[in-house]
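Chains, contacts and geometry: an overview
So you can see what is in the structure, the chains are spelled out below.
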Amino acid sequence: MSNIGMIIEERAADIGNFLVGRLLPFRQKRMVGPFIFIDHMGPADLRDHQNLDVPPHPHIGLSTLTYLFEGAIMHRDSMGSEVEITPGAVNWMTAGKGVTHSERTPERLRTTDKKLHGLQIWVALPKELEQSDPSFTHVAADDIPQWQQDGAEIKLISGTAFGKTSPVPVHSPQYFIKIITPKGQKLNIGKDLYGESGLYILEGNVISDGNTYGPRQILIAKDSTLCSFETTDNTTVFIFGGESFPEERFIYWNFVSSDKATIEVAKQDWQGQRFPPVPGETEFVPLPEQAGNVKLK
């Protein structure tokens, strides 16, 4: 019997001046463990006059995880953080009760041709931390645990798995794992997983129960502890998931909460410009009448 309970196809979404591939949320699967939102950015070739410019916008009730394969993004937030993220590093921002941030092409790249490719992820917070103070952590690429195992290259980007723990300060039991197989092989990693699990194929192919799956698909496991699959040569996959929360999570625009009333307050606070500002930034993104950037298809 197949252990694949659902297949989610990447869908195009517009985030302003940039098209992305939306993976989560999905109408039939709102979350995988605490993971509530995943966008695949690019791969995009940007000309010397094209830049990523996501103006200051708010978040509550979640942590953002930015992980790049190519390119660079300058992160600025209302806590005063100003950090350029480059491939292999992790930007981890916990919004808690409220934070504002912007994401832009760094000044050094704004007049040159460049590439941009990566993942933007939201991880919901446990209910007791939804009103916590915001925080920001940058973890350099060299500090992310990585090792070779049975011919596979494994990187534990965040969370705990395989008896290891990433330095990214997560707030609930979870994992975000990158696996590269230069040569096709069978992987049986279920004993190292827990909670819910999703497998995202970035490059190459995954074979399970005689079926072949390709890039830009998420495979949701029925039972994470039975996670076993075969890859073809030069395959890159991401395994993500962890323990689910007992309470439902609601999402509107950039706001996540277990309480709809909290989201309503956040909407009013943003409209009233009562969120903390990003130093040096003056743009204001109006609250959308409908949270169109989180369409569930």
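Computed from a predicted model, the values in this text were never measured in an experiment.

**Some points on the sheet that holds strand E8 (residues 82–85)**
Spatially, four strands are ordered E5-E10-E7-E8 in an open sheet, and the strand pairing comes out antiparallel. Edge strands, defined here as strands with exactly one partner in the open sheet, are strand E5 (53–59) and E8. Across the sheet, the mean angle separating the axes of adjacent strands is 20° when strand polarity is ignored. One ladder, built from five bridges, connects E5 with strand E10 (residues 99–104); its direction is antiparallel. Within the sheet, the bridge partner assigned to Pro58 lies in E10 and is Thr100.

**Observations regarding the nonpolar core**
In this structure, Val90, Leu119, Ile121, Phe176, Tyr200, Phe238 and Phe240 are the most contacted members of the largest nonpolar core, which totals 24 residues. At the level of elements, strand E3 (19–24), strand E4 (35–46), strand E6 (62–70), strand E9 (90–94), strand E11 (114–124), strand E18 (196–203), strand E21 (217–221) and strand E23 (235–242) are the ones that each hand at least two residues to this core. Once you skip the residues sitting within four places of it in the chain, Phe176 turns out to touch Phe35, Leu65, Leu119, Ile121, Lys155, Leu156, Ile157, Ser158, Phe238, Ile239 and Phe240. Listed in part, the 21 residues of the second largest apolar core include Leu187, Ile189, Ile201 and Ile239.

**Observations concerning the side chain of Ser102**
With respect to the element layout, Ser102 can be found in strand E10. You can call Ser102 buried: its relative accessible area is 0%. Side-chain polar atoms of Ser102 contact the side chain of Glu281, separated by 2.6 Å. Aside from chain neighbours lying at most four places away, what touches Ser102 is Val54, Pro55, Pro56, Met74, His75, Arg76, Val278 and Glu281.

**Side note on the pattern of salt bridges**
Throughout the structure, instances matching the rule amount to 14 salt bridges. The closest approach of N and O atoms between Asp53 and Arg104, which form a salt bridge, is 2.9 Å. Pair noted here: Asp53 is in strand E5 and Arg104 is in strand E10, with a separation of 51 residues, a long-range link. With relative accessibility at 11%, the residue Arg104 sits in the buried group. With a shortest N-O distance of 3.3 Å, Glu130 and Arg249 are connected by a salt bridge. Residue Glu130 is located in the loop between E11 and strand E12 (135–139), and its partner Arg249 is located in the loop between E23 and strand E24 (250–252); the two are separated by 119 residues in the primary sequence. Across the pair, exposure class does not vary: Glu130 and Arg249 are buried alike. Ionic contacts of the salt-bridge type, sharing partners, join the residues Asp53, Arg104, Arg110, Glu281 and Glu283 into one network.

Scoring rules and cut-offs
Residues numbered from 1 in each chain as written. Predicted model: local features only at pLDDT ≥ 70, side-chain atom pairs only at ≥ 80, totals over all residues. Heavy atoms only, no water. Pairing = 2+ DSSP bridges. Helix = DSSP H or I, 4+ residues; strand = E, 2+ residues; numbered from the N terminus. Axes fitted to C-alpha atoms, helices over the stretch in contact; angles between N-to-C directions. Core = buried A, V, L, I, M, F, W, Y, C linked by side-chain atoms within 4.5 Å. Buried < 20%, exposed > 50% of the residue type's maximum accessible area, 1.4 Å probe, protein only. Contact = heavy atoms within 4.5 Å. Polar contact = N/O pair within 3.5 Å; in protein donor to acceptor, adjacent residues only side chain to side chain. Salt bridge = Lys/Arg side-chain N within 4 Å of Asp/Glu carboxyl O.

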